[in-house]
Protein chains: 4
Amino acid sequence: MRIDKNQINTLNDKALPDHRESFEYISHKLTARDIPVASLIEKIQSFQIAIPSWALGTGGTRFGRFPGGGEPRTLEEKIDDVGLLHALNAGSGAISLHIPWDIPENVAQIKAHAASHNLLFDAVNSNTFQDQPEQQKSYKFGSLCHSDADVRSQAVAHNMEVIRHGEALGSKSLTVWLADGSSFPGQMNFRKALQRTLDSLREIYARMPEDWKMFIEYKPYEPYFYHTVIQDWGTSHLLASQLGERAFTLVDLGHHLPNTNIEQIVATLMMQGKLGGFHFNDSKFGDDDLTVGAMKPYQLFLIFNELVAGMEDNTSKNPYPAWMIDASHNLKDPLEDLLQSVEAIQLAYAQALLVDRKALENAREDNDPVLAQEILQRAFRTDVRPLVAEARMEAGAALDPLAAFRTLSVRENLVRERGKKSMATGL
Amino acid sequence: MRIDKNQINTLNDKALPDHRESFEYISHKLTARDIPVASLIEKIQSFQIAIPSWALGTGGTRFGRFPGGGEPRTLEEKIDDVGLLHALNAGSGAISLHIPWDIPENVAQIKAHAASHNLLFDAVNSNTFQDQPEQQKSYKFGSLCHSDADVRSQAVAHNMEVIRHGEALGSKSLTVWLADGSSFPGQMNFRKALQRTLDSLREIYARMPEDWKMFIEYKPYEPYFYHTVIQDWGTSHLLASQLGERAFTLVDLGHHLPNTNIEQIVATLMMQGKLGGFHFNDSKFGDDDLTVGAMKPYQLFLIFNELVAGMEDNTSKNPYPAWMIDASHNLKDPLEDLLQSVEAIQLAYAQALLVDRKALENAREDNDPVLAQEILQRAFRTDVRPLVAEARMEAGAALDPLAAFRTLSVRENLVRERGKKSMATGL
Amino acid sequence: MRIDKNQINTLNDKALPDHRESFEYISHKLTARDIPVASLIEKIQSFQIAIPSWALGTGGTRFGRFPGGGEPRTLEEKIDDVGLLHALNAGSGAISLHIPWDIPENVAQIKAHAASHNLLFDAVNSNTFQDQPEQQKSYKFGSLCHSDADVRSQAVAHNMEVIRHGEALGSKSLTVWLADGSSFPGQMNFRKALQRTLDSLREIYARMPEDWKMFIEYKPYEPYFYHTVIQDWGTSHLLASQLGERAFTLVDLGHHLPNTNIEQIVATLMMQGKLGGFHFNDSKFGDDDLTVGAMKPYQLFLIFNELVAGMEDNTSKNPYPAWMIDASHNLKDPLEDLLQSVEAIQLAYAQALLVDRKALENAREDNDPVLAQEILQRAFRTDVRPLVAEARMEAGAALDPLAAFRTLSVRENLVRERGKKSMATGL
Amino acid sequence: MRIDKNQINTLNDKALPDHRESFEYISHKLTARDIPVASLIEKIQSFQIAIPSWALGTGGTRFGRFPGGGEPRTLEEKIDDVGLLHALNAGSGAISLHIPWDIPENVAQIKAHAASHNLLFDAVNSNTFQDQPEQQKSYKFGSLCHSDADVRSQAVAHNMEVIRHGEALGSKSLTVWLADGSSFPGQMNFRKALQRTLDSLREIYARMPEDWKMFIEYKPYEPYFYHTVIQDWGTSHLLASQLGERAFTLVDLGHHLPNTNIEQIVATLMMQGKLGGFHFNDSKFGDDDLTVGAMKPYQLFLIFNELVAGMEDNTSKNPYPAWMIDASHNLKDPLEDLLQSVEAIQLAYAQALLVDRKALENAREDNDPVLAQEILQRAFRTDVRPLVAEARMEAGAALDPLAAFRTLSVRENLVRERGKKSMATGL
């Protein structure tokens, strides 16, 4: 199923009078505060978030999985799904593949297919946290950190293969998330595990194409429950520093201990020129992988506040980060979940763009926390939905993507096409 | 210093054109959705939040205190400060006293003073977590739970004295927060401590005036760091149930373990008819006692969503709860902090009133979490500031209380009147 | 494979001289402190821990599963595995079944089989957190709490079926763990969900055999990540109180928010006569389901300290609790993990038995936290391994069960019998 | 009051028969496992823990303070108190001063006084978290990170003064703990604050004597509750790396978010040659500053396991770390608390020395978590109290320091000498 521009236009036309009113009101208010609305709209439109191929099917927990229907059965269908999202919100213009779940059989065809949806291939992701049927060595006790050199070699080779697939499709970066860790005190030698990981990453880094970047993810726990080799940003940053200029830290919002100040980590990494990528999701307890903005929208805004500040005043030349959603849609329709996530990101970004940075810096220099809070909250409390809707409509997408998804019966169509019991590869 | 209505009117007049525009926009939008704006305004106006007498001076931490100036030196001046707040925001129409810090010497005079500011006396608070100079027995190892019957009697007697002072002023409820607990495994017998607390509370309850209510606060830790006698809502509810119909649980937002679902606790307590009172503040790590809404405004909204639902559909006849701010203003001007807190509460309440409850219940019955989230976020993302401002202005208060506070140089005036080194009693 | 008494005796004989020395030393020391060693030994022997049928195969996480070999393929083989454990440690004399994974086809045969291993059938467990192939209605959005009455009826009927199977085998209690909850704010009506759960439990309770007990488990999160219907002991206790005298709370060590004082919950529940059962495991982050005692052995001791105190001074007539291990063995051999778990439980119990309760109560009454800590640590720091080993040997089991397991090549034998790729039902 | 060797000998003599028996038993058992007992004893004796001058009086919380009696009123008396501890346990051979609370008036006299107790001066500590009466600029909004260059200069100058005092007394290191941070989102510019802190530390580092080391402490929160400039080991390590070879990270056990794997941080820092110092205490919720080993003795052991491993296999040439207790004794007698803390440290150290490292490494290389756990627990479950007691007795101290403290009525004597209402400076 593809969504036709006409379908979207018809829906937009119906909603237009109400939208026009709202947009004019906010434009008027912002203009009165000397905020250039057109430039805001442009920035919102430029912000593109990659969709990972594994987020298009129903996720599960260790207690079970309750599949929906119409899940994509092939890489082509996964691209189609991202295409649907992008047609609806004009903000999901990239797909992030996961190897071995998404090995393209015919590269040219896959590239053409993605291009037909106006999609790019963002960072590729390796998988050394599961054993594949044909695999020689098991990752049960680690991969790049494993005590057995053969397992490490196998994991390095896998990463090289992932890069090869990515290169063919036009990707420019590799994201390494390692489950590697231990569940029992004593099980692993912390120092050896870290050293081996560094050594393995060095091999991959050395053989990575020269225009590629490596993103190193960190996570404090799960699937192992005592220690993870890359437990926090400090460890990831240590590795990235020792690897070289094209190695960076990747922040996943759900990969932190309770109460961590994530926005500070973002600021520190950008200050060091080492923030490479970002995985969006939301959580209450741990790596809950919930819809972005569903739980802590103010925290999301505070993080965007640092991202915008860091990009606007980029003295340390941090590269433009790779944005991706990384969530697990157990209860919601995956596509609806992603539409809500992209919307939440766009709203937070728009709000962060509204922050009066000059006034904020003055309040900070004056040690006026009351005023500093007012300035942030003024931006956060602004209803920016009409701005984001306008940005979408102008780009040819839907004023209200979720409503469009339902009105156009997208899921029903997909079920019809793919069946009730289709299952996304890798899940 | 008192704020003159004319001063406020003059300020409001200046801000009026901009406000009028905003208010008309939101009124128009809400009316189009069949939401009666006048009734909203009325509800916001009726929502009155008590200010505790101890929140009017600069707070401290165990590492030190950095006092500001112009702090109230007497109970009269504390009442004046709450009067200033109420003049500015028309939402702080009550004061909550703390004994022995606020013992009124001349009751009639104090009552008249409060009445002149249009203030009521809300719940009175006892203090058995500190030793007073003249005190016979020490609370170092507990009060109502103490192993020594004489300490328990002293603490019971103190609570009776608090009630007497409250009765004289027109209060109708007693809030009991117990620091009682232990810092080391083994130190206290959990069961004996709970039994003694119940027995002591029974004595107080039995002697409380018949039209009084008792609010029992819970807290998982601090100032003791292993166990507290009333560690959670479950324990408080157990005590309240065993005491009788006029005993209730009091929820303080900062008194929970990391990641607790507080809104669910609120819902459960209202369902049992046992939610007596509420202490507002915000926190990131523990009982941080920060400005309401400064950290997790969405959580605050979700809590209000339950409060509004519980009050609208009150099958279990939960009494109307007592609302109070309980924060510690270490870095901000206490009055500015309280103005921000009240505003955050009013905004969250207004947003919760906007929730389309019927649609929400339908989405829930249909197990449509996507739609349920949309409905909540639609309310939360609405910019309700003009509604709250209108409610204030209509009630004779300031469109922008914080701006008014600064423009009118309230703190500077207070410093002039009371001195740079004044100190609020009890701090 | 069955372990022969002679095999165990041979192994014990080798280890005997060293053990004898250790045991005599500790006996001598304890006797000098007027502690009756024989009675200690007897108590340790009487303490029997049920093994759940699902703990005998390799567990998984949502990221994957790395199966070992020789897993039990049938209920008979599961019983055999528990029989092996019990032969080795004389402390695992019961099995706890999970329906529908363990439906006995021939009850008489299964009973005889268990009896041949000297095993009893402990609490039976229902499963409404997964959909079974033949199931009419889905539990995706809840079971006993579901908005659809038909789903609730199905879940009630399932629980009745579980009871029937349990009755046939001689079980006397039903453990209800509900995954029921929601992952998104707004998704569920907290009050309705709790009311429906209560109503559903009432139906089950009403139809439960008269000599049966119901254990209600609580858990703050997972598999849902915003709210669970029975989030904490307070909610479970509320339900158990409203259900009746034969409904109790069940404590699972991993089902708590960070830093919860679990031993206090144990004490409070026993004080109310409402502690029904206990699920042992250990954790660092959440419901990690690790080997008992692997992470926080002192906390385990403190919990046993309350259990022993509550059983010795049982004024509120709490029934003798049902003990079970509930862990997930992802990395370790499941049987080895269980041997370590049972050992850790026996050691903590033995240490708790050594606490000088009279001296402890005196220190508490005197508010002497230094001495109270000394008394607890004196017990905890005592090396009680020889006591526990003696208790085992006397009961015909192994001095060192884990060493015996390895020396006797139990796993290798099981792999030979059952194959490398056998898989436990339900995993 | 000074404790006489004869007093200790008399007490030891009484306890000797029982001790001798226990020591011989453990010696026999260890010797059978080829563990050289004499070398163990020697290592335990060499392990000296500094006592901070502020730990000798009763601590407080923001809710109040319940002072005991006989607190040291002068620096001399503080040294006397540490002398008492050292006489009793032969393990507290150093004092760590805090400026401005402990400015020595007569350096020669103070040095002689310390020498008479056999005490060294360990790291000196600066204080920029409080305002002193005579201070020009306030630290309310930070010190080394402050937006005002004059405040930063003042704080730098203070640190230089601290170094001068330390130099005079023979200290060789400066510990910098900064409260610097913010309590409200927006209040501080994260990057500027970190940059300013780095710049300020650079000034201090540049002017530090050439044989001095700088220890940089980190802490996630308190006294500020949104962000701290040095929130975690990663930030401290970043600063230490940028400063130079003589800058190190200092780990305080209480300064971590819930569930942090501290032992891994220790291992990583030692691997980088950057672990400078250690502050011991224990906690359940946050920086609770409780008696070492009172809450999580196994975690303490696991940390010592890394410390011992790192010191034994010191390929990265980590300097020998500075050990200090940093606790706050609100409920216990401060000296008794310190005796319990030192004992807990000595026990954990002794247990860590018992770990069979070769076997452990083999188990790790074989990915045998069951065996690795057994090896650690075998060490931890060993009752090493007789070893530690022997080490003390041999060094001329008490077999049971706490019993000696009570039998000799030390506190009563101190109260007699110093009065019931004496108060330690700085509290």
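Residues numbered from 1 in each chain as written. Chains lettered and ligands numbered in written order. Predicted model: local features only at pLDDT ≥ 70, side-chain atom pairs only at ≥ 80, totals over all residues. Heavy atoms only, no water.

Trainee: What exactly am I supposed to notice about the overall build of chain A here?
Mentor: Counting its secondary structure elements, chain A contains 15 helices and 13 strands. Its C-alpha atoms give chain A a radius of gyration of 22 Å, within 12% of the compact-globule value 22 Å for 427 residues. By principal-axis analysis of the C-alpha atoms, chain A measures approximately 65 × 60 × 40 Å. Out of the 427 residues in chain A, the part that is buried amounts to 71%. In chain A, 80% of the contacts between residues at least 6 apart in sequence involve partners at least 24 apart. Entry remark: accessible area of chain A is about 13800 Å², with carbon and sulfur atoms responsible for 50%. Between the averaged position of the 43 positive side-chain charges in chain A and that of its 56 negative side-chain charges there is a distance of 3 Å. (Helix = DSSP H or I, 4+ residues; strand = E, 2+ residues; numbered from the N terminus. Rg over C-alpha atoms; globule rule 2.2 N^0.38 Å. Buried < 20%, exposed > 50% of the residue type's maximum accessible area, 1.4 Å probe, protein only. Contact = heavy atoms within 4.5 Å. Areas by Shrake-Rupley, 256 points an atom, 1.4 Å probe, with all protein chains shown as cover. Lys, Arg positive; Asp, Glu negative; His and termini not counted. Charge placed at Lys NZ, Arg CZ, Asp CG, Glu CD.)

Trainee: Help me out: how do you make sense of the relation of the copies chain D and chain A in this one?
Mentor: Relating the two copies of this chain is a rotation about some axis coupled with a shift parallel to it. Of the transformation placing chain D onto chain A, the axial shift is 0.0 Å and the rotation is 180°, giving an RMSD of 0.0 Å. The transformation just described matches what one would write down for a two-fold rotation axis. Ranked by how close their C-alpha atoms come to the rotation axis, the residues of chain D are headed by D:G234, at 2.0 Å. By residue overlap, the copies meet face to face through one surface: 100% of the interface positions of chain D are interface positions in chain A. (Least-squares fit on C-alpha atoms with pLDDT ≥ 70 in both.)

Trainee: Sorry, what's going on with the interface of chain D and chain A here?
Mentor: Size of an interface: often given as the accessible area lost when the parts come together. Counting residues at the interface gives 54 residues for chain D, matched by 54 residues for chain A. Taken together, both faces of the contact between chain D and chain A bury some 4700 Å²; the carbon and sulfur share is 54%. Where chain D meets chain A, there are six salt bridges. Notably, a salt bridge pairs A:K192 with D:E361, separated by 2.9 Å at the nearest N-O pair. (Buried area = accessible area lost by both parts, 1.4 Å probe. Salt bridge = Lys/Arg side-chain N within 4 Å of Asp/Glu carboxyl O.)

Trainee: Please explain the packing of helix α1 (residues 5-32) of chain A against helix α13 (residues 385-394) of chain A as it appears in this structure.
Mentor: A pair of packed helices is characterised by two quantities: the angle between their axes and the separation of those axes. All names here are of chain A. The interhelical angle for the contact between α1 and α13, taken along N-to-C directions, is 125°, at an axis separation of 9 Å. One finds that α1 runs oblique with respect to α13. Classified by chirality, the crossing of α13 by α1 is left-handed. Judged by residue contacts, N12, L16, H19, R20, S22, F23, I26 and L30 of α1 engage P386, L387, A389, E390 and M393 from α13. Taken together, the residues of the contact of α1 with α13 break down into eight nonpolar, three polar and two charged. (Axes fitted to C-alpha atoms, helices over the stretch in contact; angles between N-to-C directions. Parallel < 35°, antiparallel > 145°, perpendicular 65-115°, else oblique. Left-handed = near helix turned anticlockwise from the far one by under 90°. Nonpolar A, V, L, I, M, F, W, Y, C, P; charged D, E, K, R; others polar.)

Trainee: I would appreciate a short explanation of the pairing of strand β12 (residues 275-280) of chain B in the present structure.
Mentor: Where a strand is regular, its side chains alternate between the two sheet faces. All names here are of chain B. When you tally the buried positions in β12, you get six out of six residues, the bulk of the element. Between the parallel elements strand β11 (residues 247-252) and β12, the chain passes through helix α8 (residues 262-271) in a crossover that is right-handed. Pairing of β12 with strand β13 (residues 322-325), which is carried by four bridges, proceeds in the parallel orientation. Across the sheet, H279 pairs through a bridge with M324, a residue of β13. (Right-handed = clockwise from strand over helix to strand, strands pointing away. Pairing = 2+ DSSP bridges.)

Trainee: Whenever I open this one, the packing of helix α1 (residues 5-32) of chain C against helix α1 (residues 5-32) of chain D confuses me. Can you help?
Mentor: One way to put it is that α1(C) packs onto α1(D) with a least axis distance of 12 Å and a crossing angle of 165°. Relative to α1(D), the element α1(C) lies roughly antiparallel. Of the two possible hands of crossing, α1(C) and α1(D) adopt the one that is left-handed. Contacts from C:D18, C:E21, C:S22, C:Y25, C:H28 and C:K29 of α1(C) reach α1(D) at D:D18, D:E21, D:S22, D:Y25, D:H28 and D:K29. Split into classes, the residues belonging to the contact of α1(C) with α1(D) amount to two nonpolar, four polar and six charged.

Trainee: How should the relation of the copies chain B and chain C be read in this particular structure?
Mentor: For these two chains of identical sequence, chain B goes onto chain C by a turn of 180° and a shift of 0.0 Å along the axis, with RMSD 0.0 Å. Here 100% of the interface residues in chain B have copies in chain C that are interface residues too; the copies meet face to matching face.

Trainee: What should I look at first to understand the packing of aromatic side chains in this one?
Mentor: Note on aromatic pairs: each is described by the distance of the centres and the angle between the planes. Taken as a whole and judged by the stated rule, the model has 82 aromatic pairs over all chains. Judged by centre distance (6.4 Å) and plane angle (90°), the rings of D:W101 and D:F129 are edge-to-face. Separated by 28 residues along the polypeptide, D:W101 in the loop between β4 (94-96) and α4 (107-116) and D:F129 in the loop between β6 (124-125) and α5 (149-169) bring together distant segments of the chain. Since its relative accessible area comes to 17%, D:W101 is described here as buried. Members of the aromatic cluster, connected to one another through ring pairs, are A:F47, A:F278, A:F280, A:F304, A:Y320, A:W323 and A:Y349. It is C:K274 that lies over the ring of C:F248; its NZ or CZ is 5.3 Å from the centre. Of note, C:K332 hangs over the ring of A:F184, and the distance from its end group to the ring centre comes to 3.7 Å. (Phe/Tyr/Trp six-rings, centres within 6.5 Å; stacked < 30°, edge-to-face > 60°. Lys NZ or Arg CZ within 6 Å of the ring centre and 35° of its normal.)

Trainee: Can you walk me through the UniProt feature "domain: Xylose isomerase-like TIM barrel" (unreviewed entry) in chain A in this structure?
Mentor: Taking the numbering used here, the UniProt-annotated feature "domain: Xylose isomerase-like TIM barrel" (unreviewed entry) corresponds to residues 103-288 of chain A. From the first C-alpha to the last, residues 103-288 of chain A spans 27 Å; its make-up is 38% helix and 16% strand. (UniProt positions renumbered as here; feature names shortened; annotations may be inferred.)

Trainee: Would you mind going over helix α12 (residues 369-381) of chain A with me for this structure?
Mentor: For an α-helix the count is 3.6 residues per turn, leaving residues at separations of three or four pointing the same way. With 13 residues, α12(A) should cover 18 Å at 1.5 Å per step; its first-to-last C-alpha distance of 18 Å lies within 8% of that length. α12(A) sits mainly inside the fold: 11 of its 13 residues count as buried. (Expected span 1.5 Å × (residues − 1).)

Trainee: What am I meant to see in unusual backbone geometry here?
Mentor: Residues and elements named next belong to chain A. Between I99 and P100 the backbone carries a cis peptide bond, its omega angle lying at 20°. Along the chain, P100 falls in the loop between β4 (94-96) and α4 (107-116). Cis geometry marks the peptide bond from E222 to P223; its omega dihedral reads 10°. In this structure, P223 sits in the loop between β9 (213-217) and β10 (227-228). Of note in this structure, E222 is not a glycine but carries a positive phi near 80°. Turning to its location among the elements, E222 is positioned in the loop between β9 and β10.

Trainee: Is there a simple way to explain the pattern of salt bridges in this structure?
Mentor: Pairing is possible between side chains that carry opposite charge, provided their charged atoms lie close to one another. Residue and element names in this part refer to chain A. Summed over all chains, the structure comprises 112 salt bridges over all chains. Linking R418 and E77 is a salt bridge whose minimum nitrogen-to-oxygen distance equals 3.4 Å. Here E77 lies in helix α3 (residues 75-89) and R418 lies in helix α15 (residues 410-418), a separation of 341 residues in the sequence. Take R418 and E77: they sit in the same class, and that class is buried.

Trainee: Where do I start with the interface of chain B and chain C in this structure?
Mentor: At the interface, 54 residues of chain B touch 54 residues of chain C. Summed over both partners, the interface of chain B with chain C comes to about 4700 Å²; 54% of that surface belongs to carbon and sulfur atoms. Here chain B is connected to chain C by six salt bridges. Ionic pairing is found between C:E365 and B:K192, a salt bridge with its closest N-O pair at 3.9 Å. At the junction of chain B and chain C, the tally comes to 25 residue pairs in polar contact (both at pLDDT 80 or more). (Polar contact = N/O pair within 3.5 Å; in protein donor to acceptor, adjacent residues only side chain to side chain.)

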